[in-house]
Amino acid sequence: MESPQLLQLLEDITGTADVRKNPQLALFDTQVLDSMRVVELIVELEEKLGVQISPAEFDRANWATPEKFVQDIESRLAAIA
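Draft legend 1. Molecular detail of the packing of helix α3 (residues 35-49) against helix α4 (residues 66-80). Closest axis-to-axis distance for the α3/α4 pair is 13 Å, and the angle between their directions is 35 degrees. Relative to α4, the crossing made by α3 is right-handed. On α4, the residues touching L41, L45 and L49 of α3 are F69, I73, L77 and I80. Its residues assigned to classes, the contact of α3 with α4 comprises seven nonpolar, no polar and no charged.

In structure tokens:
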């Protein structure tokens, strides 16, 4: 999955296009992402991409910004490829 698709998924879950416009947006500090949305993202990533992320291995710092979210998921995808 390419960055635009990952950003679209993030936008769909968060309900804001700001995630596309600002790659450095502080997702948790601005409350764009919260625990419920993280769970939704984890479920969508598993269903759409086969990326399995257990809540125990979730690291909030890796998803702190849209840019970091994309980097984390792309590295996970590369690891399972």
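Draft legend 2. Geometry of the pattern of salt bridges. Following the criterion strictly, the structure yields five salt bridges and no others. Put simply, E11 and R20 hold a salt bridge, and the shortest N to O gap is 2.6 Å. Across the pair R76 and D72 runs a salt bridge whose closest N-O atoms are separated by 3.0 Å. Remark: D72 and R76 occur in helix α4; sequence separation between them is four residues, near one turn of the helix. Side by side, R76 and D72 carry an identical accessibility label, which is buried. Connected through shared salt-bridge partners, E57, D72 and R76 make up one network.

Draft legend 3. Fine view of the side chain of T65. You can see T65 is positioned in the loop between α3 and α4. Looking at T65, the relative accessible area reads 8%, which means it is buried. Setting aside residues no more than four positions away along its own chain, T65 makes contact with P23, Q24, L25 and L27.

Draft legend 4. Molecular detail of the nonpolar core. L27, L41, L45, I53, W63, F69 and I73 are the most contacted members of the largest nonpolar core, which totals 22 residues. Those elements that provide at least two residues to this core are α1 (3-14), α3 and α4. A total of five residues in this core trace back to one element, the largest contributor, which is α1. Each residue touching L27, except ones within four places of it in the same chain, is listed here: L10, V19, V32, L33, W63, A64, T65 and P66.

Draft legend 5. Representation of α3 within the structure. Taking 1.5 Å of rise per residue, the 15 residues of α3 would be expected to cover 21 Å, and the 21 Å separating its terminal C-alpha atoms lies within 8% of that figure. For α3, the full list of buried residues reads V38, L41, I42, E44 and L45. As for α3, its buried residues are in contact with α1 and α4. G50, located one to two residues past α3, shows a positive phi value of around 75 degrees.

What counts as what
Residue positions within a chain follow its written sequence, with the count starting from 1. Local features in a predicted model are, by the rule used here, given only for residues with pLDDT of at least 70; side-chain atom pairs are given and counted only at 80 or more, and totals for whole chains, interfaces and linings are based on all residues. As a convention, hydrogens and water are excluded, and side-chain values are obtained from all of the structure's heavy atoms. Orientation is described by lines fitted to C-alpha atoms, with helices fitted over the stretch in contact, and by angles between N-to-C directions that extend from 0 to 180 degrees. Secondary structure elements follow DSSP: runs of H or I of four or more residues count as helices, runs of E of two or more count as strands, with numbering from the N terminus. Crossings are classed by handedness, with left-handed meaning an anticlockwise turn of the near helix from the far one by less than a right angle and right-handed meaning a clockwise turn. Contacts between residues were defined by any pair of non-hydrogen atoms, one from each residue, lying within 4.5 Å. Classes in brief: Ala, Val, Leu, Ile, Met, Phe, Trp, Tyr, Cys and Pro nonpolar; Asp, Glu, Lys and Arg charged; the others, Gly included, polar. The salt bridge definition used is simple: a Lys or Arg side-chain nitrogen within 4 Å of an Asp or Glu carboxyl oxygen. Any residue under 20% of the maximum accessible area for its type is buried, any over 50% is exposed, and the rest in between are partly exposed; the area is computed with a 1.4 Å probe on protein chains only. Within this scheme, the nonpolar core is defined by two criteria: the residues are buried Ala, Val, Leu, Ile, Met, Phe, Trp, Tyr or Cys, and they are joined through side-chain atoms within 4.5 Å. What a helix is expected to span follows from its residue count: subtract one and scale by 1.5 Å.

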